[in-house]
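Per-entry structural report
Single-letter residue listing:
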Amino acid sequence: MSNINKLVLFGAGKIGRSFIGQLFSRGGYEVVFVDINKKVIDEINKRGNYNVIIKGDAGEIINIRNVRGLYSDDEQHIIEEIATARILSVAVGVNGIHGVIPTLAKGLLRRFEKFEGLPTDIIIAENMRNSADFFFRELKNLLPLGYPLKELVGLIETSIGKMVPIMLKKDVEEDILQVFAEPYNTLILDKKAFKNPIPQIEGLAPKNNMKAWVDRKLFIHNLGHSSAAYIGYLFHPDLNFMYEVLAIHEVYDRVKAIMRQSA
């Protein structure tokens, strides 16, 4: 197996580039993106770097290096990359998961053929409750009988709290790889699920009681967003943005009360 610290990351979208890829690249890993967007993959391979624009008071620009990409149709090369990776991650959005699991299963099997007994970990960077159970069931259905999935593959649930501000068409046209992000840069993940030592990377926050952290995110953070949207629509269906409806005191007070009750 290669001595290079390598992350194979399914998903070169906003969370993949601004958060997971950014953390691991800055932590000394080579990041290999896998994505269906050929233009993005071609540009990553052409340049080998991209910028994360932090939308905050400081206006920081982070240049992310040591990256390359594979188009999702290039299955054979992806399988070989999985086989030799230190760690894997999936950040494709819930609707895209079914499209990557078959390739993931083939890569795990190839890894087993090359390095029998060598475990790996998959960071599931999705806003999805019980994601580890879902991945286990899906992978088990695709892997051959007798493959030691429970022993060899760590399925790492996460709580994704990073916000990615809206990018206008002109922002994408200016640079297809640049991505906006808020300053918050902490990836909460399941400490107990790792099969290998947890990477010593700034920004990773392993937690013992992962279910509680996932529920906190969904039932307070996401609840606040949905409540503001629903109540804001009742008051002013003509408004489009959170900051507009939250400027209405009655909406703000109701949303805050809902979040406190859930907390």
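Refer to the preceding data block for the structure.
Below is a short write-up of the structure. Everything numeric here is computed off the predicted structure, so don't read it as measured data. (Residues numbered from 1 in each chain as written. Predicted model: local features only at pLDDT ≥ 70, side-chain atom pairs only at ≥ 80, totals over all residues. Heavy atoms only, no water.)

Our next topic: the pattern of salt bridges. Taken as a whole and judged by the stated rule, the model has 15 salt bridges. Two residues, K38 and D42, come together in a salt bridge whose shortest N-O distance is 3.3 Å. With K38 and D42 both in helix α2 (residues 38–47) and 4 residues apart, this pair spans about one turn of that helix. Take K38: its relative accessible area is 43%, and that puts it in the partly exposed class. Residue classification places D42 among the partly exposed residues on the basis of a relative accessible area of 40%. (Salt bridge = Lys/Arg side-chain N within 4 Å of Asp/Glu carboxyl O. Helix = DSSP H or I, 4+ residues; strand = E, 2+ residues; numbered from the N terminus. Buried < 20%, exposed > 50% of the residue type's maximum accessible area, 1.4 Å probe, protein only.)

All right, on to the nonpolar core then. In terms of nonpolar packing, the biggest core is built from 38 residues, with L7, I20, F24, F33, V52 and L187 touching the most fellow members. For this core, the elements supplying multiple residues, two or more each, are β1 (6–10), α1 (14–26), β2 (30–35), α2, β3 (49–54), β4 (61–65), β9 (179–181) and β10 (187–190). With residues up to four places along the chain from it excluded, the contact list for I20 reads L7, L9, I15, S89, A125 and L187. The next biggest cluster of nonpolar side chains, apart from the first, holds 29 residues, and it includes V90, I97, A132 and L152. (Core = buried A, V, L, I, M, F, W, Y, C linked by side-chain atoms within 4.5 Å. Contact = heavy atoms within 4.5 Å.)

What follows is about helix α5 (residues 131–142). End to end, α5 covers 17 Å across 12 residues, agreeing with the expected 16 Å (1.5 Å per residue, within 8%). When we look at burial in α5, the residues that qualify are S131, A132, F134, F135 and L139. Take α5 and look down its axis: the buried residues cluster within an arc of 160°, on one side only. (Expected span 1.5 Å × (residues − 1). Arc of directions from axis to C-beta.)

Right, let's get into the sheet that holds strand β7 (residues 120–124). Strand order in the open sheet formed by 8 strands is β5-β2-β1-β6-β7-β8-β10-β11, and the pairing between neighbours is mixed. Looking at strand neighbours, the two that pair on one side only are β5 (67–71) and β11 (204–207), the edges of this open sheet. Each strand of the sheet is rotated relative to its neighbour by a mean of 25°, with strand direction disregarded. Here β7 pairs with strand β8 (residues 153–159) via 5 bridges, running parallel. Its bridge partner lying in β8, T120 is registered against V153. The strands touched by α2 within the sheet are β2 and β5, with β5 carrying the most contacts at an inclination of about 145°. (Pairing = 2+ DSSP bridges. Axes fitted to C-alpha atoms, helices over the stretch in contact; angles between N-to-C directions.)

With that settled, consider a nonpolar patch on the surface. Taken together, the side chains of I166, L168, F241 and Y243 present a nonpolar region at the surface, about 480 Å² in accessible area. Positionally, F241 belongs in the loop between α8 (210–235) and α9 (242–246). (Patch = residues over 30% accessible without salt bridge, like charges linked within 9 Å, V, L, I, M, F, W, Y side chains within 5 Å. Areas by Shrake-Rupley, 256 points an atom, 1.4 Å probe, with all protein chains shown as cover.)

Throughout the structure, instances matching the rule amount to 5 aromatic pairs. Ring centres of F24 and Y29 lie 5.2 Å apart, and the angle between their planes is 90°; on these two criteria the pair is classed as edge-to-face. For the residue pair F24 and Y29, the accessibility class agrees, reading buried in each case. Between F112 and Y147 the ring centres are 5.4 Å apart and the planes differ by 65°, which places this aromatic pair in the edge-to-face class. One end of the pair, F112, is in helix α4 (residues 97–114); the other, Y147, is in the loop between α5 and α6 (149–152), with 35 residues separating them in the sequence. Using a relative accessible area of 10% as the deciding quantity, one classes Y147 as buried. Sitting above the plane of the F180 ring, K55 keeps its charged end 4.2 Å from the centroid. (Phe/Tyr/Trp six-rings, centres within 6.5 Å; stacked < 30°, edge-to-face > 60°. Lys NZ or Arg CZ within 6 Å of the ring centre and 35° of its normal.)

Here 3 strands make up an open sheet; going across it, the order is β4-β3-β9 and the pairing mixed. Every interior strand has two partners, whereas the edge strands, β4 and β9, have only one. Ignoring which end each strand starts from, the neighbouring axes of this sheet average 30° apart. Where β3 lies against β4, 5 bridges are found, and the strand directions are antiparallel.

Within α2, burial applies to V40, I41, E43 and I44. Along the axis of α2, the buried positions cluster into a sector of 165°, meaning they face one direction only. Along α2, the residues that are exposed and aim more than 90 degrees away from the buried face are K39 and K46. Those residues of α2 that are buried lie in contact with α1, β2, β3 and β5. Where α2 begins, the side chain of N37 points an oxygen toward the backbone nitrogen of K39, at a separation of 3.1 Å. Within two residues after α2, G48 carries a phi angle of roughly 75°, on the positive side. (Polar contact = N/O pair within 3.5 Å; in protein donor to acceptor, adjacent residues only side chain to side chain.)

Attention now goes to unusual backbone geometry. Glycine aside, residues mostly have negative phi, and peptide bonds are mostly found in the trans state. Of note, N66 is a non-glycine position whose phi angle comes to about 60°, a positive value. Looking at where N66 falls in the secondary structure, it is placed in the loop between β4 and β5. Since its relative accessible area comes to 44%, N66 is described here as partly exposed. Here the phi dihedral of N130 falls at roughly 55°; this positive angle occurs in a residue that is not glycine. Mapped onto the secondary structure, N130 falls in the loop between β7 and α5. By relative accessible area, which is 34% here, N130 ends up partly exposed.

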